[in-house]
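Fold and geometry: a report
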Amino acid sequence: MIILGIETSCDETSAALVRDGRNLLAEVTATQMEVHAAFGGVVPEVASRRHVTDITRVVDKVFVDAGLTLGDVDAIAVTCGPGLLGSLLVGVSAAKGYALASGKPLLGIHHIAGHVAAATIESDVRPPFLCLVVSGGHTELLVVDEAFRFTKLGGTRDDAAGEAFDKVGRLIGLAYPGGPKVDRLADEGNPHAYEFPRALLDDGAYDFSFSGLKSAVNNELTKRRNRREEIQVADVCASFRAAVIDVLMDKTARAVEETGLRQVVVAGGVAANRGLRSAMQTYQQSTGVRVVFPPLKWCTDNAAMIASAAFYKAVQGFQSDLSLNAYAQLSLDTWQTW
Ligand code: ATP
Ligand code: FE
Ligand code: MG
């Protein structure tokens with residue numbers, strides 16, 4: 001089954017053709033990162049306008065690259081939420097157009113289901129597994145069963161991990177998105193230089209909170225600036241990153257013990273984090289639990305992951321119709337009842 005996937009939930013206009021959820025035939029992504037960098041973050045109105053300009057040529061190119069036409073696909077899948085409403089609407093409207101024109105089924109896919117499915121593309125990873133989703137807008141621990149159904153163990157109560165990285169980046173004056181730059185600086189710093197809080201560590205639940213950590217970083221910076229003390233930016237980044245990773249590792253390890261699952265997938269943009277990768281690697285070596293990181297290009301937003309998730313839903317008979325809408329807020333639970 002060949003599925004055309006479309007993803008426009010934030011600032012990437014992406015289209016992909018994937019066979020049976022696993023084999024990538026072609027993928028084209030137009031990123032808007034430079035456009036938004038000037039504003040210090042994604043500007044929704046600018047993002048949706050750019051999607052409108054890019055979507056048709058991105059889809060056209062993916063067909064050219066794969067040597068296929070719309071008539072060759074079995075279904076059309078699109079991210080229908082959560083995300084920026086105006087951006088989502090561009091993808092959903094385009095997907096409806098392609099579905100209508102071709103008479104092929106339309107599937108509205110949850111963005112996070114896509115991030116999870118990314119681990120299965122061009123890999124031997126199969127559910128069941130535990131999934132740690134760490135992205136710009138989400139920090140969640142999910143149990144993913146054989147039928148690709150999700151049970152949420154916990155999630156963030158405030159900032160997502162990626163959001164916290166970006167906010168700390170902004171505090172130290174880094175251009176958007178600060179996450180990757182904070183990560184790189186952290187490699188050169190001392191993770192024990194500053195004592196930053198590890199929120200909810202002693203809490204038995206699987207919830208996360210990163211806004212207090214971000215405030216602690218801000219307070220430390222302000223204090224030192226006021227005293228005209230020199231700030232070792234690399235040390236701040238390293239100490240901040242260590243605090244985030246400690247919490248992520250602790251909760252993931254606890255979930256492994258409680259669920260008995262021996263496979264952990266790390267999904268979302270923060271899966272690119274070098275500190276997290278190395279902590280997970282150490283964990284894998286000491287416990288024998290398999291830890292999977294999708295290739296970097298499928299950790300951040302892309303359409304291949306949407307086409308992949310759609311396949312697992314399609315084989316169970318899932319289908320949307322032309323009344324499909326875009327949802328800025330959409331929980332996995334709600335989507336799973338569709
Ligand atoms: P969501 O998927 O929750 O809607 P999103 O799609 O914006 O959010 P992604 O594209 O999955 O998020 O990931 C982007 C986020 O990942 C940004 O916050 C970015 O700073 C962060 N990120 C990327 N690389 C790294 C890194 N090496 N270290 C820390 N954060 C990173
Ligand atoms: Fe995302
Ligand atoms: Mg993104």
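These numbers come from a predicted model, not from an experiment.

1. Notes on the site of ligand 1
Neighbouring ligand 1 are 23 residues; Gly136, Gly137, Gly162, Gly179 and Gly269 lie closest to it. Within the residue set of the shell around ligand 1, elements represented by two or more residues are α4 (111-117), α5 (161-171) and α6 (179-187). A per-class count over the shell around ligand 1 returns 6 nonpolar, 13 polar and 4 charged.

2. So, the domain arrangement of the chain
For the chain, the assigned domains are domain 1 (2-117 + 298-336) and domain 2 (127-294). Between the C-alpha centres of domain 1 and domain 2 the distance comes to 27 Å. In this complex, domain 1 contributes 14 residues to the contact, which on the side of domain 2 involves 21 residues. Listed by contribution, the elements that provide at least two residues to the side of domain 1 that touches domain 2 are α1 (33-37), α4, α10 (296-299) and α12 (332-336). Looking at the side of domain 1 that touches domain 2, the element that brings in the most residues is α4, giving 3 residues. Residue composition of the side of domain 1 that touches domain 2, by class: 7 nonpolar, 7 polar and no charged.

3. Section: the environment of His111
Turning to its location among the elements, His111 is positioned in helix α4. Along the chain, His111 and Pro191 lie 80 residues apart, while their C-alpha atoms are 33 Å from each other. Among residues more than four places away in sequence, those in contact with His111 are Ser9, Thr79, Gly81, Pro82 and Gly83.

4. Focus: the confidence of the model for the chain
Here the chain averages 96 in pLDDT, and 100% of its residues register 70 or above. Reported confidences for the modelled complex are a pTM of 0.94 and an ipTM of 0.97.

5. As for the sheet that holds strand β2 (residues 12-19)
Pairing is mixed in the open sheet, where 5 strands are placed in the order β3-β2-β1-β4-β5. For this open sheet the edge positions go to β3 (23-31) and β5 (106-110), each flanked by a neighbour on one side alone. Adjacent strand axes in the sheet meet at a mean angle of 20 degrees when their direction is disregarded. Direction of pairing for strand β4 (residues 75-81) relative to β5: parallel, over a ladder of 5 bridges. Looking at the pairing, Thr79 lines up with Ile109 of β5.

6. With respect to the UniProt feature "domain: Gcp-like" (unreviewed entry) in the chain
The positions UniProt marks with the feature "domain: Gcp-like" (unreviewed entry) are residues 24-307. The straight-line gap between the two end C-alpha atoms of residues 24-307 is 9 Å; of that span, 49% is helix and 16% is strand.

7. As for the nonpolar core
Residues Ala77, Val116, Val266, Ala307 and Ala310 are the most contacted members of the largest nonpolar core, which totals 105 residues. In terms of residues, this core owes the most to one element, helix α8 (residues 233-259), which gives 11 residues. Of the residues that make up this core, three or more belong to each of domain 1 (2-117 + 298-336) and domain 2 (127-294).

8. Considering the sheet that holds strand β6 (residues 129-134)
Taking strand neighbours across the sheet as the criterion, the 5 strands line up as β8-β7-β6-β9-β10 in an open arrangement whose pairing is mixed. On the outer flanks of this sheet lie β8 (150-155) and β10 (290-292), each paired with one strand and no other. Within the sheet, the average angular offset between the axes of one strand and its neighbour, ignoring direction, is 20 degrees. Alignment of β6 against strand β9 (residues 263-267), held across 4 bridges, turns out to be parallel. When the sheet's bridge partners are listed, Cys131 is paired in β9 with Val265.

9. Digging into the UniProt feature "binding site: Fe cation" (unreviewed entry) in the chain
Feature annotation in UniProt assigns "binding site: Fe cation" (unreviewed entry) to the following positions: His111, His115 and Asp301. Across 191 residues in sequence, these annotated residues keep their C-alpha atoms within 8.8 Å of one another, forming a single compact spot. Given 27 C-beta atoms within a 10 Å radius, His111 is considered buried. Structurally, His115 can be placed in helix α4. Those residues in contact with His115 that sit more than four places away from it in its chain are Val133, Ser135, Ala267, Gly268 and Met305.

Cut-off values and rules
- Residues numbered from 1 in each chain as written.
- Chains lettered and ligands numbered in written order.
- Predicted model: local features only at pLDDT ≥ 70, side-chain atom pairs only at ≥ 80, totals over all residues.
- Near = placed C-beta within 6 Å.
- Helix = DSSP H or I, 4+ residues; strand = E, 2+ residues; numbered from the N terminus.
- Nonpolar A, V, L, I, M, F, W, Y, C, P; charged D, E, K, R; others polar.
- Domains from an automatic or database assignment.
- Contact = placed C-beta atoms within 7 Å.
- pLDDT = per-residue confidence, 0-100.
- Pairing = 2+ DSSP bridges.
- Axes fitted to C-alpha atoms, helices over the stretch in contact; angles between N-to-C directions.
- UniProt positions renumbered as here; feature names shortened; annotations may be inferred.
- Core = buried A, V, L, I, M, F, W, Y, C linked by C-beta atoms within 7 Å.
- Buried ≥ 20, exposed ≤ 12 C-beta atoms within 10 Å, placed from the backbone.

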